[in-house]
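One-letter residues, chain by chain:
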Amino acid sequence: KDVDQVAHAMSSLKHAMRWDEDMFGREYDLELFNIVAVPDFNMGAMENKSLNVFNSRLVLGTPLSCTDAELDRIQGIIAHEYFHNWTGNRVTCRDWFQLTLKEGLTVYRDQEFTSCRGSRSVKRIQDVLTVRTLQFAEDAGPTAHPIRPDSYLKMDNFYSSTVYRKGAEVVRMYEALLGP
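Figured I'd write up the structure that's included with this text. (Residues numbered from 1 in each chain as written. Predicted model: local features only at pLDDT ≥ 70, side-chain atom pairs only at ≥ 80, totals over all residues. Heavy atoms only, no water.)

Describing the side chain of Ser56
Item 1. For Ser56, the location among the structural elements is in the loop between β3 (51–55) and α2 (68–83).
Item 2. Those residues in contact with Ser56, other than ones at most four positions away along the chain, are Ala37, Val38 and Pro39. (Helix = DSSP H or I, 4+ residues; strand = E, 2+ residues; numbered from the N terminus. Contact = heavy atoms within 4.5 Å.)

Structural notes on unusual backbone geometry
Item 1. Here Ser50, not a glycine, exhibits a phi torsion of approximately 70°, which is positive.
Item 2. Checked against the element boundaries, Ser50 lands in the loop between β2 (45–48) and β3.
Item 3. The buried category is assigned to Ser50, whose relative accessible area is 14%. (Buried < 20%, exposed > 50% of the residue type's maximum accessible area, 1.4 Å probe, protein only.)

Quick notes on the sheet that holds strand β1 (residues 34–38)
Item 1. Ordered in space as β1-β3-β2, the three strands form an open sheet in which the pairing is mixed. Here the strands that pair on one side only, and so sit at the sheet edges, are β1 and β2. Each adjacent strand pair in this sheet contributes to an overall mean axis angle of 15°, direction not counted. (Pairing = 2+ DSSP bridges. Axes fitted to C-alpha atoms, helices over the stretch in contact; angles between N-to-C directions.)

Quick word on the pattern of salt bridges
Item 1. With the rule as written, the count across this model stands at 11 salt bridges.
Item 2. A salt bridge links Glu21 to Arg18; the shortest N-O distance between them is 2.9 Å. With Glu21 and Arg18 both in helix α1 (residues 7–24) and three residues apart, the pair spans about one turn of that helix.
Item 3. Its relative accessible area of 25% is what places Glu21 among the partly exposed residues.
Item 4. Judged by its relative accessible area of 48%, Arg18 is partly exposed.
Item 5. One network of salt bridges, with partners in common, ties together Glu112, Arg120, Arg124, Glu169 and Arg172. (Salt bridge = Lys/Arg side-chain N within 4 Å of Asp/Glu carboxyl O.)

Observations regarding the environment of Val6
Item 1. Structurally, the position occupied by Val6 is in the segment before α1.
Item 2. The class for Val6 is partly exposed, based on a relative accessible area of 32%.
Item 3. Between the C-alpha atom of Val6 and that of Ala37, which follows or precedes it by 31 residues, the distance is 9.3 Å.

With respect to the packing of aromatic side chains
Item 1. Counting across every chain of the model gives nine aromatic pairs.
Item 2. A ring pair is formed by Trp19 and Phe24, whose centres lie 5.5 Å apart and whose planes are at 80°; its orientation type is edge-to-face.
Item 3. Exposure remark for Trp19: the relative accessible area of 10% places this residue in the buried category.
Item 4. Judged by its relative accessible area of 40%, Phe24 is partly exposed.
Item 5. Aromatic pair Phe33 and Tyr82: ring centres 5.3 Å apart, planes at 80°, arrangement edge-to-face. Of this pair, Phe33 sits in the loop between α1 and β1 while Tyr82 sits in helix α2; the two residues are 49 residues apart in sequence, bridging distant segments of the chain.
Item 6. Given the relative accessible area of 0%, Tyr82 is considered buried.
Item 7. Put simply, the rings of Trp19, Phe24, Tyr28, Phe33, Tyr82, Phe83 and Phe113 touch in pairs and so form one group of aromatic residues.
Item 8. Of note, Arg26 hangs over the ring of Trp86, and the distance from its end group to the ring centre comes to 4.8 Å. (Phe/Tyr/Trp six-rings, centres within 6.5 Å; stacked < 30°, edge-to-face > 60°. Lys NZ or Arg CZ within 6 Å of the ring centre and 35° of its normal.)

Some thoughts on the pairing of β2
Item 1. The side-chain alternation of β2 yields one buried face, formed by Ala45 and Glu47, and one unburied face, formed by Met46 and Asn48.
Item 2. The sheet contact formed by β2 and β3 spans four bridges and is antiparallel. Its bridge partner lying in β3, Met46 is registered against Val53.
Item 3. Here β2 folds back onto β3 in antiparallel fashion, the turn holding two residues, of which Ser50 has a positive phi close to 70°.

Listed below in structure tokens is the structure:
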């Protein structure tokens, strides 16, 4: 089922793997990499060593059935979960308070990958608009929290724009200050 909808996702994976090798010297280290699309998966996506599971609505699509923005989103999601092979599976957080290192670095990497696949300037403008729209609203509201909170009541609350988007911006600041 849906075999006709996977070509873009597979192409995106191949491009992400090649980019990771070229950019960071991170060649994939296993014989097989699996992607599974599940129609009723309760999360957007989840990385595991050699297996990424996706909600099918986030990865299935063709140029005839999707807008350019939707195809870019598929590419970014596929890349993000693949990049967790190194920033999440190989580099494991000591505890939940380091989640923003894992997710922020991975978001930064998928943003850089996507910008290399299109217009770097346009991608950066899109990312800044997302931060301004989502992050500024979160920071101004009752769910505001630092990228590394002191405590938590429920781990699910950590998966926020702060951890992902602001974490990526902190990584970007490190790169600007310290170099690539």
